[in-house]
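# Results of the structural survey
The chain contents come next:
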Amino acid sequence: MPILALLPVLCLALVQAFWPDHAFYQAMPFPATAFTAMALVALIATLMRQTEWLYWLAILGGHYWATQNGLQRPLSEPDVAALHQLLPLTASLLMLALSALPKPGLPSIAGVLVLGLCFLLPASLVWLPLADWLAASGLPPALFERPVEGFFMSWAHLWWFSGLLFLWLGLISFRPQDPSVWGQFSTWLAILLFYAFMDRQQISGWATLAGSMALLITLAYRMLHLAYMDELTALPQRRALENRLRRLGRNSAVTMLDVDHFKSFNDTWGHDVGDQVLKLLGAILGRQRGMQAFRYGGEEFTLVFSHARKKAIRDALEAVRAEVEAYPLQLRQDDRPNDSEDGRRQRGSNDGTTETVNITISLGCALRQPGETPQTLLKRADEALYKAKNAGRNCVRIVS
Ligand SMILES: Nc1nc2c(ncn2[C@@H]2O[C@H](COP(=O)(O)OP(=O)(O)OP(=O)(O)O)[C@@H](O)[C@H]2O)c(=O)[nH]1
């Protein structure tokens, strides 16, 4: 669950709100801990070739470094007050831009320049004579007052924070399943937290730690995703199936499913269109209720039922077969790389710029016998699939 990336930051916000003076909270040895956490994230991200995380890490690290080297003074000093407004705002805009725009890869010259900008921007703001600029800007002083005495944000903070939060939520709603966007959002919240509570002891260290943990959780999620999920079909893959088979109950059933004549489909329309078919099949299988779908490998899929009621299984498999058969796959004429005999045979009659093709699948199911191992059950499901192929394809065969 990518949303788990928010956990460290939520915990920190809770501790800040209710137990800011707890002995453990005050005793953490910063900055060594914060830098170690960041180094760990950098190491794992690099080993996993997920180098885009280094940009977020650079923003987080840059802000921590800047606060340690220029903001250890009371908020009542005018230039600190000015930075208190400006640093979270620039961090927010930079992070939103990084989230929404394509980023240069790493290692590359452009990538290193962006990385440098992410790290050095906060420090360069700390070195500028901001208090004078802000005083000369003519902004109404009321903007920098707090809505309620003791509240941690000024009116200006509240305005831009709400606007940017709205943009982040928009970004998340576009990519709710993308773990990276949750990790980035969480890092943004961590940075805002340490500016919001800037006058509290240890807050920048804790927030940097929370931001690093959010990135670590996202990386762990990504690692699990890479290990267990199939990128093309968005279904769990073979390794996840093996885990599931180890937990198979006594009353269960396994179905093997295979696209009919897929080789000639690929030969006619090309592998990329074949990939679209597998993607579509993944979407159809993934939304079925009462069964768990896996990509077994190639154009074969496995469905696991946690019961062995033959009639219910037959109805469910027939429904899947009929849904796939009825799905009109729209293909453009220029999707077709060559015109083979098989292709002519497979295509529909539509002669416009798009053609409608229907694919079919064959399904073989085996109900688990008492004492039967998952491997034998899978083998019998495979044999049932061959029966379905031999029976003319586009059908279901179930063996007890
Ligand atoms: N596009 C695409 N094709 C794949 C993928 N994995 C396997 N294939 C193709 O799937 C085809 C499987 O062909 P066969 O095993 O001969 O079976 P078939 O043509 O579907 O015939 P039947 O199963 O007997 O109906 C091969 O051409 C593989 O190249 C994939 O990920 N993408």
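Keep in mind it's a predicted model, so treat the numbers as computed, not measured. (Residues numbered from 1 in each chain as written. Predicted model: local features only at pLDDT ≥ 70, side-chain atom pairs only at ≥ 80, totals over all residues. Heavy atoms only, no water.)

Further remarks concern unusual backbone geometry. Backbone geometry follows two general trends: most residues other than glycine have a negative phi, and most peptide bonds adopt the trans configuration. A cis amide bond links Phe30 with the next residue in sequence, Pro31, at an omega value of 5 degrees. Among the secondary structure elements, Pro31 is positioned in the loop between helix 2 (23-27) and helix 3 (32-47). The backbone phi angle of Ala234 is positive, close to 60 degrees, even though this residue is not glycine. Of note, Arg393 is a non-glycine position whose phi angle comes to about 70 degrees, a positive value. On the basis of relative accessible area, Arg393 is assigned to the partly exposed category, the value being 32%. (Helix = DSSP H or I, 4+ residues; strand = E, 2+ residues; numbered from the N terminus. Buried < 20%, exposed > 50% of the residue type's maximum accessible area, 1.4 Å probe, protein only.)

Moving on: the site of the ligand. In the neighbourhood of the ligand, 16 residues make up the surrounding shell, with Phe262, Lys263, Asp275, Arg295 and Arg393 lying closest. Within the side chain of Asn266, one N or O atom sits 2.9 Å away from a nitrogen atom of the ligand. Its free accessible area being 670 Å², the ligand has 67% of it covered by the protein chains. Taken together, the elements giving at least two residues each to the shell around the ligand come down to strand 1 (253-259), helix 12 (262-269) and helix 13 (271-286). Broken down by element, the shell around the ligand gets its largest block of residues, 4 residues, from helix 13. Partitioned by chemical class, the residues of the shell around the ligand number 3 nonpolar, 5 polar and 8 charged. (Near = heavy atom within 4 Å. Polar contact = N/O pair within 3.5 Å; in protein donor to acceptor, adjacent residues only side chain to side chain. Areas by Shrake-Rupley, 256 points an atom, 1.4 Å probe, with all protein chains shown as cover. Nonpolar A, V, L, I, M, F, W, Y, C, P; charged D, E, K, R; others polar.)

With that settled, consider the packing of helix 9 (residues 179-196) against helix 10 (residues 203-228). If you want to describe how two helices pack, look at the angle between their axes and the distance between the axes. Between helix 9 and helix 10, the least distance of the axes is 8 Å, while the angle of their chain directions is 175 degrees. Relative to helix 10, helix 9 is oriented roughly antiparallel. Facing Pro179, Ser180, Gly183, Ser186, Thr187, Ala190, Leu193 and Phe194 of helix 9, the residues of helix 10 in contact are Ile203, Ser204, Ala207, Thr208, Gly211, Ala214, Leu215, Thr218 and Tyr221. When the residues that make up the contact of helix 9 with helix 10 are grouped by side-chain class, the tally is 9 nonpolar, 8 polar and no charged. (Axes fitted to C-alpha atoms, helices over the stretch in contact; angles between N-to-C directions. Parallel < 35°, antiparallel > 145°, perpendicular 65-115°, else oblique. Contact = heavy atoms within 4.5 Å.)

On to the pattern of salt bridges, then. In total, this model carries 12 salt bridges according to the counting rule given. In this structure, Glu231 and Arg222 form a salt bridge, with 4.0 Å as the shortest nitrogen-oxygen distance. Its relative accessible area of 23% is what places Arg222 among the partly exposed residues. Several salt bridges converge on common partners, so that one network encompasses Asp258, Asp260 and Lys389. (Salt bridge = Lys/Arg side-chain N within 4 Å of Asp/Glu carboxyl O.)

What follows deals with the sheet that holds strand 1. In space, the 5 strands of this open sheet follow the order 2-3-1-6-7, with mixed pairing throughout. The sheet is open, and its two borders are formed by strand 2 (292-297) and strand 7 (396-399), each paired with just one other strand. Between one strand and the next, the sheet's axes are offset by a mean angle of 20 degrees, whatever the strand orientation. Examined bridge by bridge, strand 2 and strand 3 (residues 300-305) share 5 bridges and lie antiparallel to one another. Considered in strand 3, the bridge of Gly297 is made with Glu300. Packed on one face of the sheet, helix 16 (residues 374-390) meets strand 1, strand 2, strand 3, strand 6 (361-367) and strand 7 and runs near 140 degrees to strand 6. (Pairing = 2+ DSSP bridges.)

It is worth spelling out the UniProt feature "transmembrane region" (unreviewed entry) in the chain at this point. UniProt annotation of "transmembrane region" (unreviewed entry) refers to residues 27-46, 53-71, 83-101, 108-130, 150-169, 181-197 and 203-221 when read in the numbering used here. The span residues 150-169 is 75% helix and 0% strand, and its two end C-alpha atoms sit 28 Å from each other. This span, residues 203-221, is 100% helix and 0% strand, and a straight line between its end C-alpha atoms measures 27 Å. (UniProt positions renumbered as here; feature names shortened; annotations may be inferred.)

The next thing to look at is the nonpolar core. Judged by nonpolar contacts, the single largest core of 67 residues is most densely connected at Leu12, Ile59 and Trp188. Contributions of two or more residues to this core are made by helix 1 (7-18), helix 3, helix 4 (53-68), helix 5 (78-100), helix 6 (109-127), helix 8 (155-174), helix 9 and helix 10. When residues in this core are grouped by element, the largest group, 12 residues, is from helix 9. In contact with Ile59, not counting residues within four places along its chain, are Ala91, Leu94, Met95, Leu98, Cys118 and Ile191. Within the second largest apolar cluster, 33 residues are counted, among which are Leu235, Met291, Val324 and Ile361. (Core = buried A, V, L, I, M, F, W, Y, C linked by side-chain atoms within 4.5 Å.)

Attention shifts here to the pairing of strand 6. In terms of burial, strand 6 is largely enclosed, as 7 of its 7 residues are buried. Residues Ile361, Leu363, Cys365 and Leu367 line one face of strand 6 and the alternating positions Ser362, Gly364 and Ala366 line the opposite face, and both faces are buried. Relative to strand 6, strand 1 runs antiparallel, the two being bridged by 7 bridges. Within the sheet, the bridge partner assigned to Thr255 lies in strand 6 and is Cys365. In terms of strand pairing, strand 6 meets strand 7 through 4 bridges, oriented parallel. By the bridge assignment, Gly364 is partnered in strand 7 with Arg397. Since strand 6 and strand 7 lie parallel, the crossover through helix 16 that links them has a hand, and here it is left-handed. (Right-handed = clockwise from strand over helix to strand, strands pointing away.)

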